[in-house]
Amino acid sequence: MKSISLKTLAVLLLFTFLLALRFKLFHDRQNSEAKADNQVLENEKVDEINPDIHEEQKPEVGERLEMSELTEIYEQRRLHVGKMCREHQSEIEERYTARWPEKNWDTFVGKADILEKTDQGFLWCKVPKAASESWTTLFINRWFRPKSHLLMWKQQVYLHSRWQPKYRTAPYMKKISKTHFNFVTVRHPFERILSAYRDKFFLNGNAKFEQEKVQRWYGMYGKTILNKYRKTEPTEEKYKKAPTFREFVEYLVELPISKFDDHWKPMYMQCMPCHIQYRVIARLETLARDSEHILQSIGVSSRLPKSHTTQGKTTDNLVSTYYSQINKDLLNKLYNLYKFDFLLFNFTATEYESFVQES
(Lines give C-alpha, C1' and ligand atoms only; values in the text may rest on other atoms or scores of the structure.)
Protein backbone atom coordinates (compact mmCIF):
# COMPACT_ATOMS: atom_id res chain seq x y z
CA MET A 1 0.00 0.00 0.00
CA LYS A 2 1.33 3.39 -0.92
CA SER A 3 1.79 5.76 1.95
CA ILE A 4 -0.48 8.79 2.09
CA SER A 5 1.31 11.87 0.89
CA LEU A 6 1.69 14.82 3.18
CA LYS A 7 -0.44 16.87 0.81
CA THR A 8 -3.29 14.37 0.91
CA LEU A 9 -3.05 14.12 4.69
CA ALA A 10 -3.20 17.89 5.00
CA VAL A 11 -6.35 18.00 2.83
CA LEU A 12 -8.00 15.30 4.97
CA LEU A 13 -7.13 17.12 8.18
CA LEU A 14 -8.46 20.40 6.78
CA PHE A 15 -11.69 18.72 5.67
CA THR A 16 -12.11 17.13 9.12
CA PHE A 17 -11.48 20.50 10.80
CA LEU A 18 -14.01 22.31 8.59
CA LEU A 19 -16.61 19.62 9.23
CA ALA A 20 -16.11 19.87 13.00
CA LEU A 21 -16.24 23.67 12.83
CA ARG A 22 -19.49 23.58 10.86
CA PHE A 23 -21.03 21.20 13.40
CA LYS A 24 -19.93 23.46 16.28
CA LEU A 25 -21.41 26.58 14.63
CA PHE A 26 -24.71 24.79 14.02
CA HIS A 27 -24.80 23.59 17.63
CA ASP A 28 -24.01 27.08 18.97
CA ARG A 29 -26.70 28.64 16.79
CA GLN A 30 -29.28 26.16 18.08
CA ASN A 31 -28.35 27.01 21.66
CA SER A 32 -28.48 30.72 20.92
CA GLU A 33 -31.94 30.49 19.35
CA ALA A 34 -33.21 28.44 22.25
CA LYS A 35 -31.92 31.04 24.69
CA ALA A 36 -33.48 33.83 22.63
CA ASP A 37 -36.84 32.06 22.59
CA ASN A 38 -36.70 31.61 26.34
CA GLN A 39 -35.83 35.28 26.78
CA VAL A 40 -38.80 36.31 24.63
CA LEU A 41 -41.10 34.21 26.76
CA GLU A 42 -39.70 35.81 29.91
CA ASN A 43 -39.91 39.32 28.48
CA GLU A 44 -43.53 38.83 27.45
CA LYS A 45 -44.34 38.93 31.16
CA VAL A 46 -42.74 42.32 31.66
CA ASP A 47 -43.35 45.80 30.28
CA GLU A 48 -39.93 46.99 29.09
CA ILE A 49 -40.96 50.64 29.09
CA ASN A 50 -41.55 50.94 32.80
CA PRO A 51 -41.09 47.88 35.02
CA ASP A 52 -43.01 49.63 37.81
CA ILE A 53 -46.16 49.83 35.69
CA HIS A 54 -46.82 46.15 35.11
CA GLU A 55 -46.46 42.98 37.12
CA GLU A 56 -47.37 39.43 36.24
CA GLN A 57 -50.94 38.68 37.20
CA LYS A 58 -51.30 35.52 39.28
CA PRO A 59 -54.52 33.51 39.32
CA GLU A 60 -56.67 34.26 42.35
CA VAL A 61 -56.57 31.73 45.17
CA GLY A 62 -59.30 29.16 44.84
CA GLU A 63 -60.14 30.16 41.26
CA ARG A 64 -58.80 27.08 39.50
CA LEU A 65 -61.82 25.73 37.69
CA GLU A 66 -62.37 22.80 35.37
CA MET A 67 -62.78 23.58 31.69
CA SER A 68 -66.43 22.51 31.84
CA GLU A 69 -67.04 24.99 34.67
CA LEU A 70 -65.36 27.82 32.77
CA THR A 71 -67.33 26.99 29.63
CA GLU A 72 -70.52 27.16 31.66
CA ILE A 73 -69.56 30.54 33.17
CA TYR A 74 -68.86 32.08 29.75
CA GLU A 75 -72.03 30.55 28.32
CA GLN A 76 -74.07 32.06 31.15
CA ARG A 77 -72.52 35.48 30.53
CA ARG A 78 -73.39 35.22 26.83
CA LEU A 79 -76.94 34.10 27.57
CA HIS A 80 -77.43 36.99 29.98
CA VAL A 81 -76.28 39.50 27.35
CA GLY A 82 -78.61 37.94 24.79
CA LYS A 83 -81.56 38.06 27.19
CA MET A 84 -80.96 41.74 28.03
CA CYS A 85 -80.54 42.60 24.35
CA ARG A 86 -83.89 41.04 23.49
CA GLU A 87 -85.68 42.67 26.42
CA HIS A 88 -84.28 46.14 25.77
CA GLN A 89 -83.68 46.12 22.02
CA SER A 90 -85.95 49.08 21.29
CA GLU A 91 -84.22 51.37 23.79
CA ILE A 92 -80.73 50.19 22.81
CA GLU A 93 -81.61 50.74 19.15
CA GLU A 94 -82.90 54.20 20.02
CA ARG A 95 -79.58 55.09 21.64
CA TYR A 96 -77.58 53.64 18.76
CA THR A 97 -79.68 55.59 16.27
CA ALA A 98 -79.13 58.83 18.20
CA ARG A 99 -75.40 58.21 17.86
CA TRP A 100 -75.38 56.87 14.28
CA PRO A 101 -78.56 58.09 12.55
CA GLU A 102 -77.37 56.79 9.18
CA LYS A 103 -77.29 53.18 10.46
CA ASN A 104 -79.96 50.64 11.43
CA TRP A 105 -80.05 47.65 13.78
CA ASP A 106 -78.52 45.33 11.18
CA THR A 107 -75.65 47.64 10.30
CA PHE A 108 -74.68 49.02 13.73
CA VAL A 109 -72.21 46.13 14.08
CA GLY A 110 -69.91 47.88 11.61
CA LYS A 111 -69.18 50.41 14.37
CA ALA A 112 -67.71 47.82 16.77
CA ASP A 113 -64.19 48.80 17.79
CA ILE A 114 -62.61 45.40 17.28
CA LEU A 115 -59.10 44.42 16.27
CA GLU A 116 -58.52 41.41 14.03
CA LYS A 117 -55.47 39.14 14.23
CA THR A 118 -56.05 37.42 10.92
CA ASP A 119 -53.36 34.72 10.98
CA GLN A 120 -54.24 33.69 14.55
CA GLY A 121 -57.98 33.92 13.86
CA PHE A 122 -59.09 36.01 16.82
CA LEU A 123 -60.85 39.31 17.53
CA TRP A 124 -60.41 41.61 20.50
CA CYS A 125 -62.73 44.48 21.39
CA LYS A 126 -60.50 47.01 23.15
CA VAL A 127 -62.26 48.80 26.00
CA PRO A 128 -60.13 51.65 27.44
CA LYS A 129 -59.67 51.39 31.22
CA ALA A 130 -60.61 47.71 31.20
CA ALA A 131 -57.17 46.05 31.00
CA SER A 132 -56.55 47.52 27.53
CA GLU A 133 -52.96 48.48 28.44
CA SER A 134 -52.26 44.99 29.77
CA TRP A 135 -53.53 43.34 26.58
CA THR A 136 -51.67 45.85 24.41
CA THR A 137 -48.41 45.21 26.28
CA LEU A 138 -48.76 41.46 25.82
CA PHE A 139 -49.63 41.68 22.12
CA ILE A 140 -46.86 44.17 21.34
CA ASN A 141 -44.25 42.09 23.19
CA ARG A 142 -45.48 38.95 21.48
CA TRP A 143 -45.81 40.09 17.87
CA PHE A 144 -44.25 43.55 17.52
CA ARG A 145 -41.36 43.55 20.01
CA PRO A 146 -39.36 46.33 18.21
CA LYS A 147 -42.24 48.68 19.11
CA SER A 148 -42.19 47.85 22.83
CA HIS A 149 -40.06 50.93 23.60
CA LEU A 150 -42.85 53.26 22.50
CA LEU A 151 -45.13 55.08 24.94
CA MET A 152 -48.32 53.14 25.64
CA TRP A 153 -50.62 55.35 23.59
CA LYS A 154 -48.26 54.99 20.61
CA GLN A 155 -48.22 51.21 21.03
CA GLN A 156 -52.02 51.24 20.99
CA VAL A 157 -52.14 53.38 17.85
CA TYR A 158 -49.64 51.04 16.16
CA LEU A 159 -51.59 47.94 17.15
CA HIS A 160 -54.77 49.49 15.78
CA SER A 161 -53.04 50.21 12.48
CA ARG A 162 -51.76 46.65 12.15
CA TRP A 163 -54.88 44.83 13.30
CA GLN A 164 -57.58 46.85 11.58
CA PRO A 165 -60.29 44.53 10.22
CA LYS A 166 -59.98 44.05 6.47
CA TYR A 167 -63.37 45.73 6.02
CA ARG A 168 -65.40 47.70 8.57
CA THR A 169 -68.68 46.74 6.97
CA ALA A 170 -71.58 45.02 8.68
CA PRO A 171 -71.42 41.86 6.49
CA TYR A 172 -67.69 41.41 7.08
CA MET A 173 -67.91 42.09 10.81
CA LYS A 174 -70.78 39.63 11.16
CA LYS A 175 -68.81 37.01 9.25
CA ILE A 176 -65.57 37.22 11.24
CA SER A 177 -67.44 37.42 14.55
CA LYS A 178 -68.75 33.93 13.80
CA THR A 179 -65.58 32.39 12.33
CA HIS A 180 -62.99 33.89 14.75
CA PHE A 181 -62.44 33.35 18.44
CA ASN A 182 -63.41 36.68 20.05
CA PHE A 183 -63.26 38.26 23.47
CA VAL A 184 -63.81 41.47 25.41
CA THR A 185 -62.89 42.60 28.92
CA VAL A 186 -65.52 44.57 30.83
CA ARG A 187 -65.33 46.56 34.07
CA HIS A 188 -67.82 48.05 36.51
CA PRO A 189 -68.94 51.26 34.73
CA PHE A 190 -68.57 53.55 37.75
CA GLU A 191 -65.13 52.17 38.58
CA ARG A 192 -64.05 52.49 34.95
CA ILE A 193 -65.13 56.15 34.79
CA LEU A 194 -63.28 56.96 37.99
CA SER A 195 -60.16 55.25 36.65
CA ALA A 196 -60.32 57.26 33.42
CA TYR A 197 -60.79 60.51 35.35
CA ARG A 198 -57.80 59.90 37.63
CA ASP A 199 -55.57 58.65 34.83
CA LYS A 200 -56.16 61.48 32.35
CA PHE A 201 -56.33 64.59 34.53
CA PHE A 202 -53.61 63.82 37.09
CA LEU A 203 -49.98 62.74 37.14
CA ASN A 204 -49.08 59.08 37.53
CA GLY A 205 -45.47 59.81 38.45
CA ASN A 206 -43.16 62.64 37.42
CA ALA A 207 -42.08 61.46 33.99
CA LYS A 208 -42.07 64.04 31.21
CA PHE A 209 -44.70 62.16 29.20
CA GLU A 210 -47.02 62.23 32.25
CA GLN A 211 -46.71 66.01 32.48
CA GLU A 212 -47.38 66.30 28.76
CA LYS A 213 -50.41 64.00 29.12
CA VAL A 214 -51.95 66.13 31.86
CA GLN A 215 -51.43 69.29 29.82
CA ARG A 216 -52.92 67.65 26.73
CA TRP A 217 -56.07 66.47 28.53
CA TYR A 218 -56.48 69.83 30.23
CA GLY A 219 -56.45 71.42 26.79
CA MET A 220 -58.83 68.87 25.25
CA TYR A 221 -61.38 68.65 28.07
CA GLY A 222 -60.30 70.09 31.41
CA LYS A 223 -60.41 73.76 30.47
CA THR A 224 -63.91 73.42 29.01
CA ILE A 225 -65.16 71.60 32.13
CA LEU A 226 -63.72 74.23 34.47
CA ASN A 227 -65.19 77.11 32.48
CA LYS A 228 -68.68 75.62 32.48
CA TYR A 229 -69.01 73.73 35.75
CA ARG A 230 -66.71 75.36 38.30
CA LYS A 231 -68.84 77.27 40.78
CA THR A 232 -66.35 77.73 43.63
CA GLU A 233 -62.57 77.60 43.62
CA PRO A 234 -61.30 74.39 45.31
CA THR A 235 -58.70 74.69 48.04
CA GLU A 236 -56.54 71.77 46.89
CA GLU A 237 -53.71 72.72 44.53
CA LYS A 238 -54.23 69.68 42.29
CA TYR A 239 -57.59 71.06 41.13
CA LYS A 240 -56.21 74.38 39.88
CA LYS A 241 -55.95 72.99 36.35
CA ALA A 242 -58.06 69.87 36.69
CA PRO A 243 -61.78 69.29 37.28
CA THR A 244 -63.04 67.83 40.53
CA PHE A 245 -64.78 64.49 40.17
CA ARG A 246 -68.15 66.17 40.63
CA GLU A 247 -67.40 68.66 37.85
CA PHE A 248 -66.30 65.81 35.59
CA VAL A 249 -69.52 63.85 36.20
CA GLU A 250 -71.65 66.96 35.63
CA TYR A 251 -69.87 67.39 32.31
CA LEU A 252 -70.42 63.73 31.31
CA VAL A 253 -74.16 63.58 32.00
CA GLU A 254 -74.81 66.65 29.84
CA LEU A 255 -72.44 65.71 27.00
CA PRO A 256 -73.92 64.36 23.74
CA ILE A 257 -72.81 60.75 23.31
CA SER A 258 -71.35 61.62 19.91
CA LYS A 259 -68.72 63.76 21.65
CA PHE A 260 -67.64 61.11 24.15
CA ASP A 261 -63.98 60.20 24.29
CA ASP A 262 -63.34 56.44 24.00
CA HIS A 263 -62.15 56.36 27.63
CA TRP A 264 -65.66 57.11 28.87
CA LYS A 265 -67.77 55.86 25.98
CA PRO A 266 -70.20 53.13 27.18
CA MET A 267 -68.84 49.63 26.59
CA TYR A 268 -71.97 48.43 24.80
CA MET A 269 -71.41 51.20 22.23
CA GLN A 270 -67.81 50.21 21.69
CA CYS A 271 -68.23 46.45 21.36
CA MET A 272 -71.79 45.87 20.08
CA PRO A 273 -72.46 42.83 22.30
CA CYS A 274 -76.02 42.53 20.99
CA HIS A 275 -74.58 41.87 17.54
CA ILE A 276 -71.38 39.98 18.36
CA GLN A 277 -71.65 36.92 20.60
CA TYR A 278 -68.30 37.14 22.35
CA ARG A 279 -66.84 33.72 23.09
CA VAL A 280 -65.40 35.07 26.33
CA ILE A 281 -66.69 38.12 28.21
CA ALA A 282 -63.85 38.61 30.68
CA ARG A 283 -64.44 40.64 33.82
CA LEU A 284 -61.78 42.70 35.55
CA GLU A 285 -62.49 41.09 38.92
CA THR A 286 -61.85 37.59 37.47
CA LEU A 287 -59.30 38.61 34.88
CA ALA A 288 -56.48 36.28 36.00
CA ARG A 289 -58.69 33.26 35.39
CA ASP A 290 -60.42 34.67 32.31
CA SER A 291 -57.22 35.84 30.62
CA GLU A 292 -55.57 32.46 31.19
CA HIS A 293 -58.45 30.82 29.32
CA ILE A 294 -58.29 33.41 26.52
CA LEU A 295 -54.53 32.99 26.08
CA GLN A 296 -54.86 29.23 25.94
CA SER A 297 -57.56 29.63 23.30
CA ILE A 298 -55.36 31.81 21.05
CA GLY A 299 -52.23 29.73 21.59
CA VAL A 300 -50.18 32.11 23.74
CA SER A 301 -48.28 30.59 26.65
CA SER A 302 -47.45 33.72 28.68
CA ARG A 303 -49.67 35.41 31.26
CA LEU A 304 -51.33 38.79 31.11
CA PRO A 305 -49.34 41.59 32.79
CA LYS A 306 -51.37 43.61 35.26
CA SER A 307 -51.49 47.40 34.93
CA HIS A 308 -51.08 49.71 37.90
CA THR A 309 -50.80 52.99 36.03
CA THR A 310 -53.60 54.85 37.78
CA GLN A 311 -51.97 55.81 41.06
CA GLY A 312 -52.50 52.44 42.66
CA LYS A 313 -55.40 50.02 42.97
CA THR A 314 -59.01 51.23 42.87
CA THR A 315 -60.10 50.26 46.38
CA ASP A 316 -63.52 50.57 47.96
CA ASN A 317 -62.18 53.34 50.17
CA LEU A 318 -60.91 55.24 47.14
CA VAL A 319 -64.20 54.81 45.29
CA SER A 320 -66.22 56.06 48.26
CA THR A 321 -63.94 59.10 48.63
CA TYR A 322 -64.62 60.27 45.09
CA TYR A 323 -68.28 59.31 44.83
CA SER A 324 -69.02 61.11 48.10
CA GLN A 325 -68.46 64.31 46.08
CA ILE A 326 -71.68 63.79 44.11
CA ASN A 327 -75.32 63.51 45.17
CA LYS A 328 -77.94 60.87 44.48
CA ASP A 329 -79.53 62.78 41.62
CA LEU A 330 -76.20 63.03 39.81
CA LEU A 331 -75.49 59.34 40.45
CA ASN A 332 -78.87 58.43 38.90
CA LYS A 333 -78.06 60.48 35.81
CA LEU A 334 -74.68 58.77 35.55
CA TYR A 335 -76.34 55.37 35.91
CA ASN A 336 -78.77 56.19 33.11
CA LEU A 337 -75.85 57.11 30.88
CA TYR A 338 -74.26 53.69 31.44
CA LYS A 339 -77.53 51.84 31.99
CA PHE A 340 -76.90 49.17 29.38
CA ASP A 341 -73.36 48.51 30.53
CA PHE A 342 -74.93 47.66 33.88
CA LEU A 343 -77.75 45.56 32.44
CA LEU A 344 -75.92 43.70 29.68
CA PHE A 345 -72.84 42.85 31.73
CA ASN A 346 -74.70 42.21 34.98
CA PHE A 347 -73.27 44.95 37.20
CA THR A 348 -75.15 46.69 40.02
CA ALA A 349 -74.97 50.24 41.41
CA THR A 350 -76.49 49.53 44.83
CA GLU A 351 -73.19 49.82 46.70
CA TYR A 352 -72.56 53.29 45.24
CA GLU A 353 -75.82 54.64 46.62
CA SER A 354 -74.31 54.47 50.10
CA PHE A 355 -71.32 56.58 49.03
CA VAL A 356 -73.14 59.62 47.63
CA GLN A 357 -74.73 62.62 49.29
CA GLU A 358 -78.50 62.63 49.74
CA SER A 359 -79.01 65.98 48.05
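Residues numbered from 1 in each chain as written. Predicted model: local features only at pLDDT ≥ 70, side-chain atom pairs only at ≥ 80, totals over all residues. Heavy atoms only, no water.

A. Representation of the packing of helix H7 (residues 189–201) against helix H12 (residues 316–323) within the structure. At a minimum axis distance of 11 Å, the contact between H7 and H12 shows a crossing angle of 80°. Our classification of the angle between H7 and H12 gives roughly perpendicular. Packed against H7, whose contacting residues are Phe190, Glu191, Leu194, Tyr197 and Arg198, the element H12 presents Leu318, Val319, Tyr322 and Tyr323 at the interface. Here the residues of the contact of H7 with H12 sort into seven nonpolar, no polar and two charged. (Axes fitted to C-alpha atoms, helices over the stretch in contact; angles between N-to-C directions. Helix = DSSP H or I, 4+ residues; strand = E, 2+ residues; numbered from the N terminus. Parallel < 35°, antiparallel > 145°, perpendicular 65-115°, else oblique. Contact = heavy atoms within 4.5 Å. Nonpolar A, V, L, I, M, F, W, Y, C, P; charged D, E, K, R; others polar.)

B. Examining the packing of helix H2 (residues 67–87) against helix H11 (residues 287–297) more closely. Here H2 crosses H11 at 100°, and the two axes come no closer than 12 Å. Taken as axis vectors, H2 and H11 run roughly perpendicular relative to one another. For the pair formed by H2 and H11, the contact residues are Met67, Leu70, Ile73, Tyr74 and Arg77 on the first element and Arg289, Asp290, His293 and Gln296 on the second. Looking at the contact of H2 with H11 residue by residue, the classes come out as four nonpolar, two polar and three charged.

C. Fine view of the sheet that holds strand S4 (residues 181–186). Strands sit in the order S2-S3-S4-S5 across an open sheet of four strands; the sheet is mixed. At either margin of the open sheet sits one strand with a lone partner, and together these are strand S2 (114–117) and strand S5 (280–283). Across the sheet, the mean angle from the axis of one strand to that of its neighbour is 20°, orientation sign disregarded. Pairing between strand S3 (residues 122–125) and S4: four bridges, direction parallel. Directly across from Leu123, in S4, lies its bridge partner Asn182. (Pairing = 2+ DSSP bridges.)

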